[in-house]
Amino acid sequence: MRRVIIAGNWKMNKNISESIDLANAIKRSLYNVEEVEIVVCPPFTSLSDVNEIVLESNIKLGAQDVYWEKEGAFTGEVSSPMLKNVGCEYCIVGHSERRQFFGETNETVNKKAKALLKEGIMPIVCVGEKLEDRKANKTFDVIKDHVTNSLAGLTKEDMRKVVIAYEPVWAIGTGVNATKEQAQEAHKYIRALLKDMFDGTVAESARIQYGGSVKPDNIKELISQEDVDGALVGGASLKADPFVQIVRGCL
Ligand code: PGA
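Residues numbered from 1 in each chain as written. Predicted model: local features only at pLDDT ≥ 70, side-chain atom pairs only at ≥ 80, totals over all residues. Heavy atoms only, no water.

Novice: For this particular structure, what's the right way to read the packing of helix H7 (residues 139–150) against helix H9 (residues 180–197)?
Specialist: Two packed helices can be described by the angle between their axes and the distance between those axes. Relative to each other, H7 and H9 sit at 45°, their axes nearing to 10 Å. Accordingly, the angle class assigned to the pair H7 and H9 is oblique. For H7 against H9, the interelement crossing comes out right-handed. Every residue of H9 that contacts H7 at Phe140, Ile143, Lys144, Val147 and Thr148 is listed here: Glu185, Ala186, Tyr189, Ile190, Leu193, Leu194 and Met197. Split into classes, the residues belonging to the contact of H7 with H9 amount to 9 nonpolar, 1 polar and 2 charged. (Axes fitted to C-alpha atoms, helices over the stretch in contact; angles between N-to-C directions. Helix = DSSP H or I, 4+ residues; strand = E, 2+ residues; numbered from the N terminus. Parallel < 35°, antiparallel > 145°, perpendicular 65-115°, else oblique. Left-handed = near helix turned anticlockwise from the far one by under 90°. Contact = heavy atoms within 4.5 Å. Nonpolar A, V, L, I, M, F, W, Y, C, P; charged D, E, K, R; others polar.)

Novice: Just to check I follow, could you spell out the pattern of salt bridges for this structure?
Specialist: Should their charged atoms come close, side chains of opposite charge can pair. Tallied over the entire structure, the rule returns 15 salt bridges. Between Arg207 and Glu37 there is a salt bridge whose closest N-O contact spans 2.7 Å. In this pair, Arg207 is assigned in strand E7 (residues 207–211) and Glu37 in strand E2 (residues 37–41), connecting sequence segments 170 residues apart. Ionic pairing is found between Arg160 and Glu157, a salt bridge with its closest N-O pair at 3.6 Å. Look at Arg160 and you get exposed, because its relative accessible area is 65%. (Salt bridge = Lys/Arg side-chain N within 4 Å of Asp/Glu carboxyl O. Buried < 20%, exposed > 50% of the residue type's maximum accessible area, 1.4 Å probe, protein only.)

Novice: Looking at this structure, I do not really get the pairing of strand E3 (residues 59–63). What am I missing?
Specialist: Within a regular beta strand, the side chains point alternately toward one face of the sheet and then the other, so they alternate between its two faces. Within E3, 5 of the 5 residues are buried, which leaves the element mostly enclosed by the surrounding structure. In E3, alternate side chains face the same way, and those of Ile59, Leu61 and Ala63 on one face and Lys60 and Gly62 on the other are all buried. As paired strands, E2 and E3 are joined by 3 bridges and run parallel to one another. Residue pairing in the sheet places Val40 in a bridge with Leu61 of E3. Read from E2 through helix H2 (residues 47–54) to E3, the crossover connection turns out right-handed. Two strands pair when backbone bridges link them, and E3 and strand E4 (residues 90–93) are joined in this way by 2 bridges, in the parallel orientation. (Pairing = 2+ DSSP bridges. Right-handed = clockwise from strand over helix to strand, strands pointing away.)

Novice: I keep staring at the sheet that holds strand E6 (residues 163–166) and nothing clicks. Help me out?
Specialist: The pairing of strands in a sheet happens through backbone hydrogen bonds and is either parallel or antiparallel. An order of E1-E2-E3-E4-E5-E6-E7-E8 is seen for the 8 strands of this closed barrel, with the pairing classed as parallel. Here the strands of the sheet are splayed against their neighbours by 25° on average, with no regard to which way each runs. Against the sheet, helix H12 (residues 240–248) makes contact with strand E1 (5–9), E2 and strand E8 (230–233), and its axis sits at roughly 165° relative to E1, the strand it touches most.

Novice: Explanation requested: the site of the ligand in the structure shown.
Specialist: The environment of the ligand is formed by 13 residues, the closest being Lys11, His95, Glu167, Gly173 and Ser213. Backbone polar atom of Ser213 to an oxygen atom of the ligand: 2.7 Å apart, as the coordinates give it. Here an oxygen atom of the ligand sits 2.8 Å away from a polar atom, N or O, in the main chain of Gly234. In isolation the ligand has 280 Å² of accessible area, and contact with the protein removes 95% of it. The residue inventory of the shell around the ligand, partitioned by class, reads 4 nonpolar, 7 polar and 2 charged. (Near = heavy atom within 4 Å. Polar contact = N/O pair within 3.5 Å; in protein donor to acceptor, adjacent residues only side chain to side chain. Areas by Shrake-Rupley, 256 points an atom, 1.4 Å probe, with all protein chains shown as cover.)

Novice: Is there a simple way to think about H9 in this case?
Specialist: Given 3.6 residues to a turn, an α-helix orients residues that are three or four positions apart in the same direction. With 18 residues, H9 extends 26 Å between its outermost C-alpha atoms, agreeing within 8% with the 26 Å of an ideal straight helix rising 1.5 Å per residue. What H9 keeps buried is the set Ala183, Gln184, Ala186, His187, Ile190, Arg191, Leu193 and Leu194. (Expected span 1.5 Å × (residues − 1).)

Novice: For this particular structure, what's the right way to read the packing of helix H5 (residues 106–118) against H7?
Specialist: The geometry of H5 relative to H7 is characterised by a closest axis approach of 8 Å and an angle of 40° between their N-to-C directions. What the angle tells us is that H5 and H7 run oblique. The two elements H5 and H7 cross, and the hand of that crossing is right-handed. The segment H5 lies against H7, with Asn106, Val109 and Asn110 engaging Asp145, His146, Asn149 and Ser150. Taken together, the residues of the contact of H5 with H7 break down into 1 nonpolar, 5 polar and 1 charged.

Novice: How should I be thinking about the packing of aromatic side chains in this particular structure?
Specialist: Aromatic rings considered in pairs are described by the distance between their centres and by the relative angle of their planes. All told, the structure shown has 5 aromatic pairs when counted by the stated rule. Measuring from centroid to centroid gives 5.1 Å for Tyr67 and Phe74, while their planes differ by 45°, and the two rings are tilted. The exposure class assigned to Tyr67 is buried, which follows from its relative accessible area of 16%. Taken together, a centroid distance of 6.3 Å and an interplanar angle of 80° make the contact between Phe101 and Phe102 edge-to-face. By the burial criterion, Phe101 is exposed, and Phe102 matches it. Taken together, Tyr67, Trp68 and Phe74 form an aromatic cluster joined through their ring pairs. (Phe/Tyr/Trp six-rings, centres within 6.5 Å; stacked < 30°, edge-to-face > 60°.)

See the structure below:
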């Protein structure tokens, strides 16, 4: 059985005191939820303070990006040992915003995932097509390219620690979510790719989140799909109420 995982991607939002308030509110409302794995991904500047709050709770800490080198002259970057040190158990890599605005490629996503795994941090690897890809019937091609190249060289053992987030770019922050059928179709395809790349056990045990305009009113139908194992939530994770409702919608 795959355990449902709901992660909140706060993106470039929340100063330290706002982060503390949000983390406290989420913790208070969800303290008794054990069935769903709950992750919050604040900006780097809030990781330490949020870690203090979620430490020894059922809420896990995640980062939004990482650099693959361990240390050194890489001004502005943060390494996986640093994320480990601040309490991160998860880290998003390859988010479409990073691919679009910061030159992230499958190759850099792959290096980042490997660096995280070395440190025992679980990568949440984002994949997904743009609207133009979908219109040109290239959805599966793009997904295949992202999945095979971002996960290249990982072992079956590594894959036990990897979460995949299918995030169609046209659904991110637009209010237009993929339908449950569109999500299921993509997730099923990703699982088939994992079977080809690794084996049936990896494919069956890998958790695949859906991301893109997930809200309290669409989570139930999305999570009801056979191959949808959770959600990566942006906008609706910035307030406690909708995020809590999304987690509770999976119970
Ligand atoms: P959204 O973002 O929920 O605001 O669409 C999802 C994401 O970018 O991970």
